[in-house]
Each structure stands twice: as structure tokens, then as C-alpha cells.
Amino acid sequence: MRINRARDTLAKSNIKVGLAGLSGVGKTAVGAKAFTDGDPESVVICLTETQGEAVIRLHNPGALIVNVSSYAEAKAFWTMMDTSFRTGFLHQPIPATDGSFTLEKTGQPFKCSTVVLDTFSDLFRMVRRSVTERDNARQLRKYVEAKGTEKGFDDPEATSMQAWGIVQDKCYQLLQMFRDLPCNFLCLFSIDEREEEGTTTYRPFLQGRDLKSSVVGFFNAFGYQYLVPAKEGVKASRQVAFRTGPQFTTKGLEGLADTERASFRAWHKQFNDFTASRHETTTPVTPAPEGAVTEKEGETP
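Just so you know, these numbers come straight off a predicted model, no measurement behind them. (Residues numbered from 1 in each chain as written. Predicted model: local features only at pLDDT ≥ 70, side-chain atom pairs only at ≥ 80, totals over all residues. Heavy atoms only, no water.)

### Structural notes on the overall build of the protein chain
Part 1 of the reasoning: Counting its secondary structure elements, the protein chain contains seven helices and twelve strands.
Part 2 of the reasoning: When each of the 301 residues of the protein chain is scored for burial, the buried share is 38%.
Part 3 of the reasoning: Element-wise, carbon and sulfur atoms account for 50% of the exposed surface of the protein chain, whose accessible area totals about 17,500 Å². (Helix = DSSP H or I, 4+ residues; strand = E, 2+ residues; numbered from the N terminus. Buried < 20%, exposed > 50% of the residue type's maximum accessible area, 1.4 Å probe, protein only. Areas by Shrake-Rupley, 256 points an atom, 1.4 Å probe, with all protein chains shown as cover.)

Shown next, in the form of C-alpha cells:
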């Protein structure tokens, strides 16, 4: 539990941002450059797509990359981050023979201004795979107990409703754990593009209506990134919409315009500048002296 006055956090406000977009619009590049303290090495990236390494190396060769390929590795990455923050030293996950992980202190001082998940859509698939494999095995055991044979067991990919609930709960838990780390958080999503009642919609790629519609609640802001084509005399640019029509999943943040250039550092600065200016222009309320009359006699407060 942590207790503090809201004004005491103004100088160190972290922002938690979700960012979705089609492949190739530059989301990984935004994540690579998401440091907010002037130190490019303070970005830690949980990477699920190995092809992203080349993009990160191009835009920020000092970023710390942790490749994950399973739900267990994603949880080990969070444990690494949590322990490194608490101790001030970088810890490295070491896999054990039983599939679990232990942490080894590297002795290297730990510094992190921003954690990037690239992408949570892939982490969702890892969670689903982990849960459905166990659920399918459970359904097969029940079938064998009832039939005495595996023959005739149909559709091993058919996952029970109970298992889908577990997938959703684990995804919520993962998002909350990473969001609540004591640093900035940028979470990237691929896009689910589909036709709905004659309109093309662009939602973060996550299965399950509840998860897809509620994911924005985990973030201060949620943007949709896209490319603006080059015109005569004007270069192509990457833009992020934070307030759009209903066909996009977005969420605005005070201090940010409806559409911004694709720069996490700029968003962080704009938000903190905005909150600082609001704090400076707020007139402090001086409490009345003890025993002073604050209401006229007979007046209802």
C-alpha cells in the first residue's frame, strides 16, 4: 500500500498507453524510442516477434530486449522487472528443468523509464495456448474415462467456456501487473480489421468481446497509429489518433490533441507539462482560523 498526496506525484507522473495499428505503421519504432529520461538504455522491451529486433536496433541500439515465446516466459519477465525495480539491480531469469524460472542477480545497476510490450496480441495467444492445452488434455481424460478409449475424441481445439474465462482472467492479470510497475508503460497491439454492419472497424486483436471492449480501461490513453502518405513537397508521417469515431478503439488524455505525432516521449512531456501548468494556476485554499464564523447567521451552507 502506498499513500501520498496527488500533487506530490506531479514531477514524476508515469503514463500508461495502449497503441494499436496495422503491421508496418511503425509501432515497434515508437516503442524503441519510448525513453523519457534522456537515456536510450532505460527502455526495456518484452518482444514476442523476433523480426522486431532489427527495427529496435535501427532506432535504439541501447534498448534492453527480452524475447519471450510462452506465457511462462512472460510471467518470468514480469518477475524479473519487479525484482530489478525493488533491488536496484538487473536480474536475469534462468530456466529450470521443470519449466519454471529462477532469478540471477547480474550486478548491473537497473534503470528503466519505460516498459514496452510488443505485442500483447501475441501474449494473448501464448496465454490461450497455455490454457487450452491443459483444458484439451482435461477434456480428453474425461472422454477416455467415459468411453475407455481415445478413439472418436473430436475437435481437440474445442475449448470449454470455463477455459475461456481462465484465458480472460490471466490476460487481465498480466496487463494489470505490467501496468502497475513503477515506470511508464507502452503496450502494443496488432489490429483486428473486419466488417460490422457495412462499416470497417479496427479493434485491438484480442479474442472475446469482453476483453476487446474493456482493454482500454487499463490505460491512461489508447491510440490508433497510421501512416499519412507523402504528398508533393511533404514527407510521409506517422500519426496517432487518440479521439476518433466509433470504428476505432481510442481513448484521449488531457494534454494531448485528438491526433498526435507518433512519439511516446512527446506524449509524456505534453501530459506532464499540462498537469504542471494546471497545478501552478490552482489557487490554494487557506483554511479558516479555528473558531472563525464561516457562514452568515441563518444562512444554509
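### A look at the sheet that holds strand 11 (residues 237-241)
Part 1 of the reasoning: Spatial ordering of the open sheet is given by 3-2-6-7-1-10-11-12, a layout of eight strands whose pairing is mixed. With partners counted over all chains shown, the strands left at the sheet margins are strand 3 (64-67) and strand 12 (259-261), one partner each. Going across the sheet, the axis of each strand differs from the next one's by a mean of 25°, ignoring polarity.
Part 2 of the reasoning: Two strands pair when backbone bridges link them, and strand 10 (residues 221-228) and strand 11 are joined in this way by five bridges, in the antiparallel orientation. Bridged to Y226 within strand 11 is Q239.
Part 3 of the reasoning: Seen against the sheet, helix 2 (residues 52-59) touches strand 2 (43-47) and strand 3 and runs at an angle of roughly 165° to strand 2. (Pairing = 2+ DSSP bridges. Axes fitted to C-alpha atoms, helices over the stretch in contact; angles between N-to-C directions. Contact = heavy atoms within 4.5 Å.)

### Comments concerning the packing of aromatic side chains
Part 1 of the reasoning: Applying the stated criterion to the full structure yields 14 aromatic pairs.
Part 2 of the reasoning: Each ring, one from F189 and one from F219, has its centre 6.2 Å from the other, and the planes form 90°; the classification is edge-to-face. Pair noted here: F189 is in strand 7 (residues 184-189) and F219 is in the loop between helix 6 (209-214) and strand 10, with a separation of 30 residues, a long-range link. You'll find F189 and F219 in the same group, each marked buried.
Part 3 of the reasoning: Members of the aromatic cluster, each reached through a chain of ring pairs, are F120, F185, F189, F219 and F222.
Part 4 of the reasoning: Here the basic side chain of K105 rests over the ring of F89, its NZ or CZ set 4.2 Å away from the ring centre. (Phe/Tyr/Trp six-rings, centres within 6.5 Å; stacked < 30°, edge-to-face > 60°. Lys NZ or Arg CZ within 6 Å of the ring centre and 35° of its normal.)

### Side note on the pairing of strand 9 (residues 199-204)
Part 1 of the reasoning: Across six bridges, the pairing between strand 8 (residues 191-196) and strand 9 is antiparallel. Bridge pairing in strand 9 places E196 opposite T199.
Part 2 of the reasoning: Joining the antiparallel neighbours strand 8 and strand 9 is a turn of two residues, in which E197 adopts a positive phi near 55°.

### A short note on the nonpolar core
Part 1 of the reasoning: Within the largest apolar cluster, 43 residues are counted, with the highest numbers of intra-cluster contacts made by F77, M81, L117, F120, F189 and F219.
Part 2 of the reasoning: When residues of this core are traced back to their parent elements, those giving at least two are strand 2, helix 3 (71-87), strand 6 (114-118), helix 4 (120-147), helix 5 (161-179), strand 7 and strand 10.
Part 3 of the reasoning: Excluding residues within four positions of it along the chain, F77 makes contact with V44, C46, V66, V68, V115, L117 and F178.
Part 4 of the reasoning: Counting 23 residues, the second largest nonpolar core, distinct from the first, contains V17, A34, V43 and I45. (Core = buried A, V, L, I, M, F, W, Y, C linked by side-chain atoms within 4.5 Å.)

### Remarks on the pattern of salt bridges
Part 1 of the reasoning: Taken as a whole and judged by the stated rule, the model has eight salt bridges.
Part 2 of the reasoning: For K111, the salt bridge is made with D37, and the minimal N-O distance between the two is 3.6 Å. Of the two residues, K111 sits in the loop between strand 5 (101-109) and strand 6 while D37 sits in the loop between helix 1 (27-32) and strand 2, which places them 74 residues apart along the sequence.
Part 3 of the reasoning: On the accessibility criterion, K111 (47% relative accessible area) is partly exposed. (Salt bridge = Lys/Arg side-chain N within 4 Å of Asp/Glu carboxyl O.)

### Considerations on a negative patch on the surface
Part 1 of the reasoning: Together, E193, E195, E196 and E197 make up a region of like negative charge exposed at the surface.
Part 2 of the reasoning: Judged by its relative accessible area of 54%, E195 is exposed. (Patch = residues over 30% accessible without salt bridge, like charges linked within 9 Å, V, L, I, M, F, W, Y side chains within 5 Å. Lys, Arg positive; Asp, Glu negative; His and termini not counted. Charge placed at Lys NZ, Arg CZ, Asp CG, Glu CD.)

### Here's the deal with a positive patch on the surface
Part 1 of the reasoning: Side chains of K33, R238, R261 and R265 sit close together on the surface and give a patch of like positive charge.
Part 2 of the reasoning: Mapped onto the elements of the fold, K33 is located in the loop between helix 1 and strand 2.
Part 3 of the reasoning: Note on K33: relative accessible area 30%, which makes it partly exposed.

### Observations regarding the side chain of T48
Part 1 of the reasoning: Assignment of secondary structure puts T48 in the loop between strand 2 and helix 2.
Part 2 of the reasoning: At a separation of 3.0 Å, a polar atom in the side chain of T48 contacts the main-chain amide nitrogen of T119.
Part 3 of the reasoning: In this structure T48 touches V68, D118, T119, D122, L123 and M126, once residues within four positions along its chain are discounted. (Polar contact = N/O pair within 3.5 Å; in protein donor to acceptor, adjacent residues only side chain to side chain.)

### A word on helix 3
Part 1 of the reasoning: If you check helix 3, its first and last C-alpha atoms are 24 Å apart, about what 17 residues at 1.5 Å a residue would give, namely 24 Å.
Part 2 of the reasoning: In the stretch just after helix 3, G88 is the one whose phi turns positive, near 85°. (Expected span 1.5 Å × (residues − 1).)

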